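So you can see what is in the structure, the chains are spelled out below.
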Amino acid sequence: MSSPAARRQAFTLLEILIVVIIIGILAALVIPQISGAAEDAKVSKVLAVVDTLRAASESHYADTSALAAEYSDSTNEFERELSIKQSAPVWKGPYLAHPLTNGDNPFGGVVRLHKSFTDGPVNPVGFDLIGRGTDTVTGAGQYVAFTNVGETAAKTVNDALDKGIGGNWRSSGRVEWSKDTLMIFVMDVAD
């Protein structure tokens, strides 16, 4: 006959179910926190790229009196005016530490710094910087577009940059979002 101590070496089905339920509850609590942190990191990267492009654009404009384009998916020197040596004698760049790459878009799309409000995939034409429902900046200027950006992330970027600006968040302020493209005002040039 076996002793009671020898028989108690295995777990019962009830004990295993309790452990599985506890693991499931812990996963339900932790996974949303982790995915929220990942989304916050992506938004932070977008904001950092915009700040870098804004500083580089301002330096380029101060040197050349011209707006610059910088496209993450291009090898054309005229679409890499902040990072590839230009022939203009007043160009004192490179203005970026490295050429813009698709890796600079944490959402897996491209990043493009446009040198006209009428350029680009969505054509924002202008930005409603004060939230009145009409574009207040429509002349020469720059904006950066990030593709493949979902609505939740776009809204988070908008909230970070446009706190207190009224109107529809998708089309008012320094941030516009349409068709998974996030467009952020960089600078304008008085006509």
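Computed from a predicted structure; not experimentally measured. Sequence positions are assigned chain by chain, starting from 1 and proceeding in written order. Residue-level local features of this predicted model are given only where pLDDT is at least 70; pairs of side-chain atoms are given and counted only at 80 or more, and the full residue set underlies all totals for whole chains, interfaces and linings. With hydrogens and water set aside, each side-chain value is computed from the structure's full complement of heavy atoms.

Student: Any chance you could break down the overall build of the protein chain for me, citing the residues and the numbers?
Tutor: Comment: elements are numbered from the N terminus, with helices defined as DSSP H or I runs of at least four residues and strands as E runs of at least two. Scanning the protein chain from terminus to terminus reveals three helices and five strands. When the helices and strands of the protein chain are listed from N to C terminus, the series reads α-α-β-β-β-α-β-β. Within the protein chain, the proportion of its 191 residues that are buried is 36%. Only heavy atoms matter for contacts: two residues are in contact if any of them lie within 4.5 Å across the pair. Pairs at least 24 apart in sequence give 63% of the contacts found in the protein chain among residues at least 6 apart. Accessible surface for the protein chain amounts to roughly 10800 Å². Of this, 59% is attributable to carbon and sulfur atoms. A simple rule labels every residue: compare its accessible area, found with a 1.4 Å probe on the protein chains alone, to the largest value its type can have, and call it buried under 20%, exposed over 50%, or partly exposed in between. Using a 1.4 Å probe, the Shrake-Rupley method yields the accessible areas, and only the shown protein chains count as cover for residues.

Student: With reference to specific residues and values, describe the nonpolar core.
Tutor: Core analysis: the biggest nonpolar cluster contains 31 residues, and Leu53, Val144, Phe146, Leu182 and Ile184 have the highest contact counts within it. Those elements that place two or more of their residues in this core are helix H2 (13–64), strand S2 (111–114), strand S3 (141–147), helix H3 (151–161), strand S4 (175–178) and strand S5 (181–188). Looking at which element gives the most residues to this core, the answer is H2, with six residues. Setting aside chain neighbours within four positions, we find Val144 in contact with Val50, Leu53, Val111, Arg112, Leu113, Leu182, Met183, Ile184 and Val186. Grouping buried Ala, Val, Leu, Ile, Met, Phe, Trp, Tyr and Cys residues that are joined through side-chain atoms within 4.5 Å yields what is termed a nonpolar core. With seven residues, the next largest nonpolar core counts Phe117, Val137, Met183 and Phe185 among its residues.

Student: Hey, could you go over a nonpolar patch on the surface for me, with residue numbers and the actual values?
Tutor: Patch construction takes residues with relative accessible area above 30% that form no salt bridge. Like charges are linked within 9 Å, and nonpolar side chains (Val, Leu, Ile, Met, Phe, Trp, Tyr) are linked within 5 Å. Take a side-chain nitrogen of Lys or Arg and a carboxyl oxygen of Asp or Glu: if they are within 4 Å of each other, that pair is a salt bridge. Taken together, the side chains of Leu13, Leu14, Leu17, Ile18, Ile21, Ile22, Ile25, Leu26, Leu29 and Val30 present a nonpolar region at the surface, about 990 Å² in accessible area. Looking at the element boundaries, Leu26 is found in helix H2.

Student: Could you give an account of the side chain of His114, with specific residues and numbers?
Tutor: Positionally, His114 belongs in strand S2. Of the residues examined, His114 reaches a relative accessible area of 1% and is grouped as buried. Here the side chain of His114 touches Tyr71 through a polar contact of 3.4 Å, side chain to side chain. Here a polar contact means two N or O atoms within 3.5 Å. Within protein one must be a hydrogen donor candidate and the other an acceptor candidate, and residues neighboring in sequence count only if both atoms are side-chain atoms.

Student: I'd like to hear about the environment of Asp63, residue by residue, with values.
Tutor: Here Asp63 shows up in helix H2. Given a relative accessible area of 24%, Asp63 falls into the partly exposed group. Each C-alpha atom, one on Asp63 and one on Pro89, is 9.7 Å from the other, the two residues being 26 residues apart in sequence. Apart from residues lying up to four places away in sequence, Asp63 is in contact with Val90, Lys92 and Tyr95.

Student: Quick one: what's the story with unusual backbone geometry, residue by residue and with numbers?
Tutor: Of note, the bond from Gly93 into Pro94 is cis; its omega dihedral lies within 30 degrees of zero at 10°. With respect to the secondary-structure elements, Pro94 resides in the loop between strand S1 (70–71) and S2. The phi dihedral of Ser65 falls on the positive side, at around 60°, and the residue is not glycine. Here Ser65 is to be found in the loop between H2 and S1. One non-glycine residue, Asp180, lies in the positive phi region at around 65°. Mapped onto the elements of the fold, Asp180 is located in the loop between S4 and S5. A relative accessible area of 40% places Asp180 in the partly exposed class.

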